[in-house]
Protein chains: 4
Amino acid sequence: MRTTSVGVFRIATIGPGDVSGLMNLIGSGTIDPRSILAILGKTEGNGGVNDFTREYAVSALCTALAPQLGLSPEAVEQRIAFVMSGGTEGVLSPHLTVFTRSKVERPAGPSDKRLCIGMAHTRDFLPEELGRSAQITETAKAVQVAMTDAGITDPADVHFVQIKCPLLTSERVAAANARGNKTVTTSAYSSMAYSRGASALGVAAALGEIGSDVRDEDVLRRYDLFSKVASTSSGIELMHNVVIVLGKSTSSASEFVIGHAVMEDAIDAAAVVSALNSVGLGLAPQSIADRELVNIFAKAEASPDGSVRGFRHTMLEDTDISSTRHARAAVGGLIAGLAGTGAVYVSGGAEHQGPAGGGPVAVIARLSD
Amino acid sequence: MRTTSVGVFRIATIGPGDVSGLMNLIGSGTIDPRSILAILGKTEGNGGVNDFTREYAVSALCTALAPQLGLSPEAVEQRIAFVMSGGTEGVLSPHLTVFTRSKVERPAGPSDKRLCIGMAHTRDFLPEELGRSAQITETAKAVQVAMTDAGITDPADVHFVQIKCPLLTSERVAAANARGNKTVTTSAYSSMAYSRGASALGVAAALGEIGSDVRDEDVLRRYDLFSKVASTSSGIELMHNVVIVLGKSTSSASEFVIGHAVMEDAIDAAAVVSALNSVGLGLAPQSIADRELVNIFAKAEASPDGSVRGFRHTMLEDTDISSTRHARAAVGGLIAGLAGTGAVYVSGGAEHQGPAGGGPVAVIARLSD
Amino acid sequence: MRTTSVGVFRIATIGPGDVSGLMNLIGSGTIDPRSILAILGKTEGNGGVNDFTREYAVSALCTALAPQLGLSPEAVEQRIAFVMSGGTEGVLSPHLTVFTRSKVERPAGPSDKRLCIGMAHTRDFLPEELGRSAQITETAKAVQVAMTDAGITDPADVHFVQIKCPLLTSERVAAANARGNKTVTTSAYSSMAYSRGASALGVAAALGEIGSDVRDEDVLRRYDLFSKVASTSSGIELMHNVVIVLGKSTSSASEFVIGHAVMEDAIDAAAVVSALNSVGLGLAPQSIADRELVNIFAKAEASPDGSVRGFRHTMLEDTDISSTRHARAAVGGLIAGLAGTGAVYVSGGAEHQGPAGGGPVAVIARLSD
Amino acid sequence: MRTTSVGVFRIATIGPGDVSGLMNLIGSGTIDPRSILAILGKTEGNGGVNDFTREYAVSALCTALAPQLGLSPEAVEQRIAFVMSGGTEGVLSPHLTVFTRSKVERPAGPSDKRLCIGMAHTRDFLPEELGRSAQITETAKAVQVAMTDAGITDPADVHFVQIKCPLLTSERVAAANARGNKTVTTSAYSSMAYSRGASALGVAAALGEIGSDVRDEDVLRRYDLFSKVASTSSGIELMHNVVIVLGKSTSSASEFVIGHAVMEDAIDAAAVVSALNSVGLGLAPQSIADRELVNIFAKAEASPDGSVRGFRHTMLEDTDISSTRHARAAVGGLIAGLAGTGAVYVSGGAEHQGPAGGGPVAVIARLSD
């Protein structure tokens, strides 16, 4: 019986250009470079517009993997989905998570649903399409393609959808203006939120979490519209959306399982515990014999109403530190405390990803079966 | 039987100059202004050298309380201990905690130990004494005076010692140089750490947590020397140390109890839970019928060895955001998640306050007896 | 012959709460507190949304001046126009500029035009009116009232119009939403730019620099519409615009003269020199015998097209430091170098104040006649 | 008659990884890649410890030049001196300056002294040697080697000495501690200043500007000891000092000339003008027919005494923005204004490089003879 094998490897890094950990795993035969489908990373930049650690990490990875794959660095960047989330505020620790997928012949796989992964991408967007319905619609289509690629038919089997999406720069705004079109915002920093929000609404539409009639003006306003599994990160280095679907399937022979929960607000410890429980794990220190934590994937944001459980926060009024940095630090501190490690993937800007002020939290564990 | 009554009031603020909450409690008779002994606050500045929200808050409080007490604002500042900790990163919420103390005649007080409070202060320091043994020794003396003032004889009954201490500015360094003396550092920001560290060692010496033979060169180096209950904050507005001892005593008729634990590192969720348990509380949401959380007091810092449980953190290498801001955000996120509220007092810079990278965490609860 | 006497005093401060310099001048009889019309200040905050040094400075000044004027602090704030511009980046030095005005009997005043000053204010705005035509129109009216108050009839005699205007906060946006109205932006930081821009367009309309048919959508878009003398600063502490007109009039018996120029971009040294020349001054060190520099008032901004004279700048893409801080630092460095002092009033955010990327620069000199 | 030809090319970049401008000049034959001796760059990071734009730029350049030179990227990094100065605050514009050198046969070179360049490097330092006499002494030796390489015998012909030097990280401090040695500081950010300072003192010693008896304790204290031509930048990517000497020699057949002056403080416009005059240029816009500005190289710092010409600055007390960023922005604004372009090399941290608070400023012009 043919089936799919999915692997997940968390690798600590000592800088955004550090590829040594991955190269060691390739050198030892643990990772077959041809099986690498996606690499998610936390890099130590500011996570904002001028966070060059993301493109530096991608550049270093592509250069290092090129000879392994017999491809040019540019071709590597086309082949593998790289999602670098900048910002390791507080106790968050820079690291990579490498996802591999390969076809295997297995006489007796596990009978339960195991981790599976699928990918797709949209066409390139025009600057004026970002944060608007074109981005929503195209993303929704790509999510469905990625689900098929993952071997998932039931939306309930989707536990995390990671999207990498573009942002606006001065040059891109000017290009739109030169065509006589206005972009959704002229601020590069604000455009990151719009792009993340529209992309998340695309996930919600694809999974039936919301209706398909979302309008331009709903983006960053109708916060009752959201996906419970979307995680979107904007970066300067692309003009299309890359979609990675993580879920569960009986066709997967993976050693890994995935589960998720939704944080209702930035201090929702119960949701984090629930997500850990969903894969059979508990609070740190985890003393479960037959499984271990691989990584946690979560989104964080400053609640747009300016308060958390009735108490005012100051993240949105801070001109010194962007609210995404504040939110990653705080939610990262909570998740790290509950999980027992700061090497978790907490990404900022959870617009339409979970309820306003909250966000999705997914956990991957490795079973020792 | 004469005994002491101690009150604790947590009051949310809408800005560093906001005194309306306190004035309302005075207006309604809930707080007798003459009973106010100390006010601890979290204000929304950067918590660094140029955090003027601390002195602004103190100025606003003194101006508002002056007519209530029939004193000049300057005299109010001498009478009441104001400790403003700048920095409400992440989910931390600006607020004041007002401590009152009065003598009461009570025929039948509680038989168990209840919250008590005592105060003292050192002489003014010279700039060149900050961060050195003079500051340690004088602080130790003041802690003992404050314990006596609180009615505590056994160091085991001390649960939290809050100290407000000075820092160096360019002017103060120049003044020392003009006298032919060198200060421990010429950097204003670094001096905050030295002053906090020496003050904490003073607490440790007073409580017998360390020997009395601490030397100048141990400050910010011998991190195995620390106090489990010291919390020290440096500010530009004074040149002496103010010491506030919080503990338990049978002479107190307070409705409040206090307990504490020590976080071994910045993600020590178990210690926070232990501190909550020590006053009979549990995880959020707290459903205990006979008691409620009033506030949590904790110190946070970036571990000086650059890692947390084996994973690298980037707080000490960040030139954009000071490590104290990072640490407050992360530890604040964890404590807020476990306690269920961001209106907690998490202060940055835990040098010699708890083990390296960790810090003390104290909890005050109100009993409904 | 009755005429008006106008005084200008630049006073260095050692912190946002420092009023000692002003109090000394009052104590020595140099300044009559009843003659104080306006106080412009540079304070050392971030100049952004959470810059509390502005309100702290105003609070300290009002408290100090109250007994001098026999008024409550609140009444002082109504009587005197306080404009605090936060942000003393680079070599900029915190200081106050106090403007006084009084009626004097002078048999033989100077025959040339001397410095005069006038004031007015608009009604309070609704949050949804900020950055839109209502703010433009009301500001234009107030400018004309202030010109009359200054004794100016010819717009050519207006050399600097300083305006203090509101910004949006989370609470204010929510209030507008609750009324079913949308604000021009939901970002507090962005709202500062909109409010400054609309206020500047109000000045331009009042002085005939642009037509009166400005529309909502022109704000922050039609950068060819601007005033050459407007300087607008937004602050959290008010909901109306305060207008201060500085110009020249033969009815003034002042020892002071004023002139101005317009910087075409952020590195327009020639314009600064021209402004200095307009009051008979030259480059630093100024060796003119019969006159001395009192202060320079200028606005700075990052050019919205992302470049200065063909070379890319990075101010608008920086998530760590706001572009207003960058621009103040750079323009402040240039003006300080040409003038020979960092105690100059350079304020950030020059939307519709001078051409895009440039800004007005006015100079006041004291004649020793 | 054999002689040396030196070329200087200023190339704008659109990001730290942008090598297209250089590749175009190589492609067109304007630059022979084998002649490239050094590349100085301004990159758009924070210029602090965690500024990864510097190593990203070097990585991108090495990768791009490797096939051109038939070398591995690592070998390119050994062959060419790369000095990336992070921080393009204010109007400063990211760019590269490429220095080439080749031997040419010229029958009739110019009879005057023209631009020459020489290079050398020290051995690797131990972490505990940084900021101390070992770094001073070794740097002085390397300066003399580089002078010889440039063809300079008279120190008066040296106009600019660019040094790239290491900094301390948590790991490096720990390594020293593990050997039982203490580093000069445990703060990564502070170590940058120590390393820059000791390197500059090495230049001063080599050129006879100071005596050779400099002691460890003089570094960052005896600011009367300085070099008028040293420019030092610290970066995380190396453990030795790289020395580049720029000067004038009759053996050079270059089209370029160089001159310099010393800014006495951060607003010393006269010194900048003097440096421009030294190569026959004037104020912007420069209308000289026979020569054009290529680039200006300057160092900036916040004066350690906290004031500029008697007025307090706030750069050293700012916990939000490092003083090096403030200083670059301000001095960059002044130089850009006087030169007419923001594409100038202004680098932060001028410890012992020029007098306290000032710094060297060198100008290179191209003659059209």
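Residues numbered from 1 in each chain as written. Chains lettered and ligands numbered in written order. Predicted model: local features only at pLDDT ≥ 70, side-chain atom pairs only at ≥ 80, totals over all residues. Heavy atoms only, no water.

Per an unreviewed UniProt entry, chain A is named Cyanuric acid amidohydrolase, and its organism is Bradyrhizobium shewense. According to the UniProt record, the Catalytic activity (unreviewed entry) comment for chain A is "cyanurate + H2O = 1-carboxybiuret + H(+)". UniProt annotates chain A under Pathway (unreviewed entry) with the comment "Xenobiotic degradation; atrazine degradation; biuret from cyanurate: step 1/1." (UniProt positions renumbered as here; feature names shortened; annotations may be inferred.)

Chemist: Mind laying out the side chain of A:Thr185, listing which residues take part and the relevant values?
Modeler: Residue and element names in this part refer to chain A. Mapped onto the fold, Thr185 is located in the loop between α5 (170-178) and α6 (188-206). Overall, the relative accessible area of 14% leaves Thr185 in the buried class. Of note is the side chain of Thr185, whose polar atom sits 3.1 Å from the backbone nitrogen of Ser187. Aside from chain neighbours lying at most four places away, what touches Thr185 is Leu168, Val173, Ser190, Ser191 and Tyr194. (Helix = DSSP H or I, 4+ residues; strand = E, 2+ residues; numbered from the N terminus. Buried < 20%, exposed > 50% of the residue type's maximum accessible area, 1.4 Å probe, protein only. Polar contact = N/O pair within 3.5 Å; in protein donor to acceptor, adjacent residues only side chain to side chain. Contact = heavy atoms within 4.5 Å.)

Chemist: Tell me what's going on with the interface of chain A and chain B, and back it up with residues and numbers.
Modeler: Between chain A and chain B, the contact holds 39 residues from the first and 39 residues from the second. When chain A packs against chain B, the two sides together hide about 2900 Å² of surface, and 60% of this comes from carbon and sulfur. Here chain A and chain B share four salt bridges between them. A salt bridge links A:Glu44 to B:Arg312; the nearest nitrogen and oxygen atoms lie 2.9 Å apart. Here chain A is connected to chain B by ten residue pairs in polar contact (both at pLDDT 80 or more). Residue composition of the side of chain A that touches chain B, grouped by class: 19 nonpolar, twelve polar and eight charged. (Buried area = accessible area lost by both parts, 1.4 Å probe. Salt bridge = Lys/Arg side-chain N within 4 Å of Asp/Glu carboxyl O. Nonpolar A, V, L, I, M, F, W, Y, C, P; charged D, E, K, R; others polar.)

Chemist: So what's going on with the packing of helix α7 (residues 269-278) of chain A against helix α8 (residues 323-339) of chain A? Which residues, and what values?
Modeler: All names here are of chain A. Direction vectors running N to C along α7 and α8 enclose 45°, while the axes themselves pass 10 Å from each other. Between α7 and α8, the interaxial angle falls into the category oblique. Note on packing geometry: the crossing formed by α7 with α8 is right-handed. The segment α7 lies against α8, with Ala269, Val272, Val273 and Leu276 engaging Leu334, Ile335 and Leu338. (Axes fitted to C-alpha atoms, helices over the stretch in contact; angles between N-to-C directions. Parallel < 35°, antiparallel > 145°, perpendicular 65-115°, else oblique. Left-handed = near helix turned anticlockwise from the far one by under 90°.)

Chemist: Which residues make up the domain arrangement of chain A, and what values go with them?
Modeler: Residue and element names in this part refer to chain A. Per the domain assignment, the segments making up chain A are domain 1 (2-105), domain 2 (114-245) and domain 3 (256-367). Between the C-alpha centres of domain 1 and domain 2 there is a distance of 22 Å. Of the roughly 1500 Å² buried between domain 1 and domain 2, counting both surfaces, carbon and sulfur atoms make up 72%. If you sort the residues of domain 1 by the area they bury against domain 2, Val49, Val83 and Arg101 come out on top, with a joint share of 33%. (Domains from an automatic or database assignment.)

Chemist: How would you sum up the UniProt feature "binding site: substrate" (unreviewed entry) in chain A? Please name residues and give values.
Modeler: Residues and elements named next belong to chain A. Listed under "binding site: substrate" (unreviewed entry) in the UniProt record, and renumbered for this structure, are Arg54, Ser85, Gly86, Arg196, Ser233, Ser234, Arg328, Ser347 and Gly348. On the secondary structure map, Arg196 appears in helix α6. With a relative accessible area of 6%, Arg196 lands in the buried category. If we skip the residues at most four places from it in the chain, Arg196 touches Cys165, Thr232, Ser233, Ser234, Lys299, Thr324, Gly348, Gly349, Glu351 and Gln353. The topology assignment puts Ser347 in strand β13 (residues 345-348). Judged by relative accessible area, Ser347 falls into the buried class, the value being 2%. Those residues in contact with Ser347, other than ones at most four positions away along the chain, are Lys42, Ser85, Ser233, Ala298, Lys299, Ala300 and Arg328. At a separation of 3.1 Å, a polar atom in the side chain of Ser347 contacts the side chain of Ser233.

Chemist: Could you give an account of the interface of chain B and chain D, naming the residues involved and the relevant values?
Modeler: Facing 19 residues of chain B, the contacting portion of chain D comprises 19 residues. In total, chain B and chain D occlude about 1700 Å² of area from one another, counting both sides; carbon and sulfur atoms represent 43% of this. Summed over the three residues of chain B that lose the most area to chain D, namely B:Glu317, B:Thr319 and B:Asp320, the buried surface amounts to 35% of that side. There are two salt bridges connecting chain B and chain D. In this structure, D:Arg325 engages B:Asp320 in a salt bridge whose closest nitrogen and oxygen atoms are separated by 3.6 Å. The interface formed by chain B and chain D holds twelve residue pairs in polar contact (both at pLDDT 80 or more) in total. For the side of chain B that touches chain D, the secondary structure elements donating two or more residues are α5 (170-178) and α6 (188-206) of chain B. Class assignment for the residues of the side of chain B that touches chain D results in four nonpolar, seven polar and eight charged.

Chemist: Which residues make up the UniProt feature "active site" (unreviewed entry) in chain A, and what values go with them?
Modeler: All names here are of chain A. Here the UniProt-annotated "active site" (unreviewed entry) positions come out as Lys164 and Ser233. In sequence the annotated residues extend across 70 residues, while in space they remain close, none of their C-alpha pairs exceeding 5.0 Å. Here Lys164 is to be found in strand β6 (residues 158-165). Excluding residues that lie within four positions of it along the chain, Lys164 makes contacts with Phe82, Val83, Ser233, Glu237, Leu238, His240, Asn241 and Val242. Separated by 2.6 Å, the side chain of Lys164 and the backbone oxygen of Phe82 make a polar contact. Looking at the secondary structure, you find Ser233 in strand β7 (residues 230-234). Ser233 gets classed as buried once you look at its relative accessible area, which sits at 7%. The residues contacting Ser233, other than those within four sequence positions of it, are Val83, Ser85, Gln162, Ile163, Lys164, Cys165, Arg196, Lys299, Tyr345 and Ser347.

Chemist: Lay out the relation of the copies chain A and chain B in plain terms, naming residues and giving numbers.
Modeler: When chain A is fitted to chain B, the residual RMSD is 0.0 Å, and the transformation amounts to a turn of 180° plus an axial shift of 0.0 Å. Viewed as a symmetry operation, the transformation between the two copies matches a two-fold axis. The position closest to the rotation axis in chain A is occupied by the C-alpha of A:Leu334, lying 2.0 Å away. Here 100% of the contact residues of chain A are again contact residues in chain B; the copies associate through an equivalent surface. (Least-squares fit on C-alpha atoms with pLDDT ≥ 70 in both.)

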